[in-house]
Amino acid sequence: MDGKESGATKMPSTAFCLLLRLLTLRCTEKQMNLMLHHVDSPYIRCVGFLYLRYACEPERIWEWFEPYLYDDEPVQVHATGTKPETTIGAWVRSLLTEMNYHDTLLPRLPVQIERNVKVQ
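Caption draft 1: Molecular detail of helix α2 (residues 29–36). Taken as a whole, α2 has its buried residues at M32, M35 and L36. Buried residues along α2 cover an arc of 90° about the axis, so they all sit on one side. Of the residues in α2, the exposed ones pointing more than 90 degrees away from the buried face are K30 and L34. Those residues of α2 that are buried lie in contact with α1 (14–25), α3 (42–55) and α4 (58–65).

Caption draft 2: View of helix α6 (residues 111–119). Three or more residues of α6 are buried, namely I113, E114 and V117. All buried residues of α6 lie within an arc of 100° about the axis, which places them on one face of the element. Relative to its buried face, α6 has exposed residues pointing more than 90 degrees away, namely R115, K118 and V119. Residues of α6 that are buried make contact with α4 and α5 (88–97).

Caption draft 3: Region of the structure containing the pattern of salt bridges. Tallying each qualifying case throughout the model produces four salt bridges. Put simply, E29 and R60 hold a salt bridge, and the shortest N to O gap is 3.3 Å. Remark: R60 occurs in helix α4 and E29 occurs in helix α2; sequence separation between them is 31 residues. Between E73 and R45 there is a salt bridge, with the nearest N and O atoms lying 2.4 Å from each other. Taken together, the residues E73 in the loop between α4 and β1 (74–75) and R45 in helix α3 connect sequence positions 28 residues apart. The exposure class assigned to R45 is buried, which follows from its relative accessible area of 6%.

Caption draft 4: Fine view of the nonpolar core. Counting 32 residues, the largest nonpolar core has M32, F49, F65, W91 and L95 as the members making the most contacts within it. Only α1, α2, α3, α4, α5 and α6 provide two or more residues apiece to this core. With six residues, α3 is the largest single contributor of residues to this core. In this view, F49 contacts L36, F65, Y68, I88, W91, V92 and L95; residues no more than four positions away in its chain are not counted.

Caption draft 5: Layout of the environment of P107. Within the secondary structure, P107 sits in the loop between β4 (104–105) and α6. Overall, P107 belongs to the partly exposed group, its relative accessible area being 29%. Here the alpha-carbon distance between P107 and A15, two residues 92 residues apart in the chain, equals 18 Å. Once residues within four sequence positions are removed from consideration, P107 is found in contact with R53, Y54 and M99.

Rules used in this analysis
Going along each chain's sequence as written, the residues are numbered from 1 onward. Note on the predicted model: pLDDT of at least 70 is required for a residue's local features to be given, and 80 or more for side-chain atom pairs to be given and counted; whole-chain, interface and lining totals, by contrast, use all residues. Side-chain numbers here rest on the full set of heavy atoms in the structure, without hydrogens or water. The buried label applies to any residue whose accessible area, calculated with a 1.4 Å probe on protein chains only, is under 20% of its type's maximum; exposed applies above 50%, and partly exposed to all values in between. Runs of E in the DSSP output that reach at least two residues are strands. Runs of H or I that reach at least four are helices, and both are numbered from the N terminus. Summarising the geometry, the arc corresponds to the directions from the helix axis toward the C-beta atoms. Only heavy atoms enter the contact rule, under which two residues are in contact if any of them lie within 4.5 Å. Criterion for a salt bridge: a side-chain nitrogen of Lys or Arg within 4 Å of a carboxyl oxygen of Asp or Glu. Take the buried Ala, Val, Leu, Ile, Met, Phe, Trp, Tyr and Cys residues and link them wherever side-chain atoms come within 4.5 Å; each set so joined is a nonpolar core.

If you want it as structure tokens, here you go:
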């Protein structure tokens, strides 16, 4: 789930290539629900959450993320494996509360929505 491949090449990771493809296709709600409920791989779900964080209207982001805030499915988000596994829930919470994701700037949430996220 890193933003770029490890090493000196500075090439985008597979996850970010998939994210770009999804952004050009503009997923429907049905497709997003299928991705977020996918049982085969947590990485499919993570790409769906990244897509939502970049493309979803800020007013709707909470309703998409809220059911998954405490999801305990393990996921390794760092390509090198040097950092320990995390859970989908912890990773989703970090997408809502942090402004950077692996050297990329996430879209800023409006102040009122950011406050609501921190309170909830």
